[in-house]
Amino acid sequence: MTVVKTQLPRFLNFAKSPNLSQKLMVVGLVITILFIFLALFAPVFQAWGWLQDPTDFLSNPIHSPPSAKHWFGTSRLGYDVFSRTIFGIQAALQVVLLATALSMIVGVPLGMVSGYVGGKLDKTLLFLMDSIYTLPGLLLSVTLAFVVGRGILNAAIAISIAYIPQYYRVVRNHTVSVKTEVYIEAAQAIGANTWQVLSRYLFFNVIQSVPVLFTLNAADAILVLGGLGFLGLGLPEEVPEWGRDLKQALEALPTGIWWTTLFPGLSLTLMVVGLSLLGEGLNEFVNPRLRKENGIRK
């Protein structure tokens, strides 16, 4: 009687013997979930009286240090730093998710069409995307922010342009390698048109790396949004924003007012680190070759 060893599903192997990268991915996932939770429930906490109105400054003292009433202290204008830090998560997630979604919506279809159709269309799109990709992302976002103005949607548009070539190149390269597979030729042989091939047979086979890229771009977009806010090109003044708060806090930092800089900067850093760890872990989870190499090192 022979004993057949069955392989565990990938997620069970992950839970059974996680390596360092997978453990860090869990840390990143916990940090990301915590920030999402705070962003979603910030209005609820404000309604319960746990958070002040982030735009209220008349009833608060100026440059008050952290205390039981103001956990993160107050700014030079009298804003409650804790409230603005929490509501800054909400603004950052709105812009970042919208920006990465816009770049994905544009870049993925263009990459599929370019890789599948080929010819002059492929060469034209490659030249266009390579031209955009060579420009520094922050410089491109700053330039577009001057054009489109301030606002959540405008900031998302300004940030998203820099990430479109990344989605395009990843999906286009996958499409070029997959379109010669037997099942694609079989679909063409039975009369499937271009739309049917792209939507039914190619789409789910060329987007494996898109969630990883989405997460890593989200982490980078938070830094870009912080840079735009620091330059005064991000969100309107009535919207709590980490970048603008850091710019205002720097003026008081030499006088010993450290809390107005520490807590928004720490929140921005933690959010970027969480998304980066999550993206790197997902990259190993999706990439079998990288997962095998890390398994050998472990």
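Details of the structure are given in the entry above.
Structure report, in brief. Numbering of residues starts from 1 in every chain and runs along the sequence as written. Local features in this predicted model are restricted to residues of pLDDT 70 or higher, and side-chain atom pairs are both shown and tallied only at a pLDDT of 80 or more, whereas totals for entire chains, interfaces and linings draw on every residue. Excluding hydrogens and water, the side-chain figures rest on all heavy atoms present in the structure.

With that settled, consider the environment of Phe-203. Strands here are runs of E lasting at least two residues and helices are runs of H or I lasting at least four, both read from the DSSP assignment and numbered beginning at the N terminus. Among the structural elements, Phe-203 can be located in helix H9 (residues 194-206). We call a residue buried when its accessible area falls under 20% of the maximum for its residue type, exposed when it is over 50%, and partly exposed in between, using a 1.4 Å probe and counting protein chains only. A relative accessible area of 29% places Phe-203 in the partly exposed class. Considering only alpha carbons, one finds Phe-203 and Pro-109, 94 residues apart in sequence, at a separation of 9.0 Å. Whether two residues are in contact is decided by their heavy atoms, any of which lying within 4.5 Å being enough. In this view, Phe-203 contacts Val-108, Met-112 and Leu-198; residues no more than four positions away in its chain are not counted.

Further remarks concern the nonpolar core. Only buried Ala, Val, Leu, Ile, Met, Phe, Trp, Tyr and Cys residues count toward a nonpolar core, and they belong to the same one when joined by side-chain atoms within 4.5 Å. Ranked by internal contacts, the top residues of the largest apolar core, which has 60 residues, are Ile-89, Ile-159, Leu-202, Ile-222 and Trp-242. Here the element with the most residues in this core is helix H3 (residues 81-117); it accounts for 14 residues. Among all residues touching Ile-159, those that are not within four sequence positions of it are Val-95, Ala-99, Ser-141, Ala-221, Val-224, Leu-225 and Leu-228.

Further remarks concern the side chain of Asp-80. Relative to the elements of secondary structure, Asp-80 occurs in the loop between helix H2 (20-47) and H3. Positive: Lys, Arg. Negative: Asp, Glu. His and the chain ends are not part of the count. Only one rule defines a salt bridge in this text: a Lys or Arg side-chain nitrogen within 4 Å of an Asp or Glu carboxyl oxygen. No salt bridge is formed by the buried Asp-80, whose closest oppositely charged neighbour, Lys-69, lies at an N-O distance of 8.9 Å. Not counting chain neighbours up to four residues away, the residues in contact with Asp-80 comprise Gln-52, Asn-60, His-70, Gly-73 and Thr-74.

Quantified by volume, the largest pocket comes out at close to 290 Å³. Around the largest pocket, the lining is made up of 17 residues, and of these Leu-38, Phe-72, Phe-82, Ile-86 and Ile-89 lie nearest the centre. At the level of secondary structure, the elements contributing two or more residues to the lining of the largest pocket comprise H2, H3 and helix H12 (259-286). Considering each element in turn, the lining of the largest pocket owes the most residues, five residues, to H2. In the lining of the largest pocket, the residues fall into 15 nonpolar, two polar and no charged. Points on a 1 Å grid, built from protein atoms alone, make a cavity when a 1.4 Å probe fits but cannot get out and make a pocket when they are open with protein on both sides within 12 Å along at least 5 of 7 lines; residues with an atom within 4 Å of a point are the lining residues. Grid points are joined across faces, edges and corners, and a volume is the space filled by probe spheres set on the points. Residues are sorted three ways: Asp, Glu, Lys and Arg are charged, Ala, Val, Leu, Ile, Met, Phe, Trp, Tyr, Cys and Pro are nonpolar, and all the rest, Gly among them, are polar.

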